[in-house]
Amino acid sequence: MKILLTIKEYAKKEGLSEIAVRKRVSSNYNEIIKIGKETYIIEGDTIIQKLKQNVKNKNSQIRELKLKSKINTTSNDERYIKELERQNEKLEAKIEKKNKKIDKLHDQKDTMYEKFLGTIVNQKVIE
């Protein structure tokens, strides 16, 4: 893309004096165009190309960050699942212990009832 700059704007942009720019113009160093009394320097503008490259770079960074995010999410999910499985195994072991304890207490209760009923039956037989 081409842009038009006045001699003053071009001098400011290039860090030159206006006299130096006028000498460049007179020696055909730059392309110029005269509109009315004003002289404009035609310059190729690379801002659009830089911006397009910047957009491409940002898009690639976005893709990279999305992939990293997906990997982190996946690994976090896997860690979370493993932790849940570990807790589940612990709880199942506790439940198994409690069930064994309940069975043992149930057996003791049955034994005590049998002894109690046996003593009552023996007392009625004796009387």
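Structure's up top.
Here is a short report on the structure shown in this document.

Parameters at a glance
Within any chain, residue numbers begin from 1 and follow the written order of that chain's sequence. Totals for whole chains, interfaces and linings use every residue, but because this is a predicted model, local features are given only for residues with pLDDT of at least 70 and side-chain atom pairs only at 80 or more, for both listing and counting. With hydrogens and water excluded, all non-hydrogen atoms of the structure serve as input to the side-chain values. Two strands are counted as paired when DSSP detects at least two bridges linking them. The helix count covers DSSP runs of H or I at least four residues long, the strand count covers runs of E at least two residues long, and both are numbered beginning at the N terminus. Interaxial angle, 0 to 180 degrees, is taken between N-to-C directions of lines fitted to C-alpha atoms, where a helix line uses only the stretch in contact. Contacts are assigned to residue pairs that have any heavy atoms within 4.5 Å of one another. Orientation is classified from the angle alone, with under 35 degrees giving roughly parallel, over 145 giving roughly antiparallel, 65 to 115 giving roughly perpendicular, and any other angle giving oblique. Note on convention: the crossing is left-handed when the near helix lies turned anticlockwise from the far helix by less than a right angle, right-handed when the turn is clockwise. Any residue that is not Ala, Val, Leu, Ile, Met, Phe, Trp, Tyr, Cys, Pro, Asp, Glu, Lys or Arg is counted as polar, Gly included; the first ten are nonpolar and the last four charged. Put simply, a salt bridge is a Lys or Arg side-chain nitrogen that is within 4 Å of an Asp or Glu carboxyl oxygen. To sort residues, take the accessible area from a 1.4 Å probe on protein chains only and compare it with the maximum for the residue type: under 20% means buried, over 50% means exposed, and anything in between is partly exposed.

### Overview of the sheet that holds strand 3 (residues 38-44)
Spatial strand order, 1-3-2: 3 strands in an open sheet with antiparallel pairing. Of all strands in the sheet, those bounded by a partner on one side alone are strand 1 (2-6) and strand 2 (31-35). Averaged over all pairs of adjacent strands, the angle between strand axes in this sheet comes to 35°, irrespective of strand direction. Judged from the 5 bridges that link them, strand 1 and strand 3 form a sheet pairing that is antiparallel. When the sheet's bridge partners are listed, T6 is paired in strand 3 with Y40. Contacting strand 1 and strand 3, helix 1 (residues 7-14) runs over the sheet at an angle of about 100° to strand 1.

### Observations concerning the packing of helix 1 against helix 2 (residues 18-26)
In the contact formed by helix 1 and helix 2, the axes pass within 9 Å of each other and the chain directions differ by 110°. Here helix 2 runs roughly perpendicular to helix 1, going by the angle between their axes. Helix-helix and strand crossings are classified by hand; for helix 1 and helix 2 the assignment is right-handed. When helix 1 is examined against helix 2, the residues I7, K8, Y10 and A11 are found in contact with a partner set consisting of E18, V21, R22 and R24. Tallied by class, residues from the contact of helix 1 with helix 2 come to 4 nonpolar, no polar and 4 charged.

### Points about the pattern of salt bridges
Under the counting rule described, the total for this entry stands at 4 salt bridges. Note that K13 and E43 form a salt bridge whose closest N and O atoms lie 2.2 Å from each other. Here E43 lies in strand 3 and K13 lies in helix 1, a separation of 30 residues in the sequence. According to the relative accessible area criterion, E43 is buried, its value standing at 13%. With a closest N to O distance of 2.4 Å, R86 and E83 form a salt bridge. Of this pair, R86 and E83 both sit in helix 3 (residues 47-126), 3 residues apart, roughly one helical turn.

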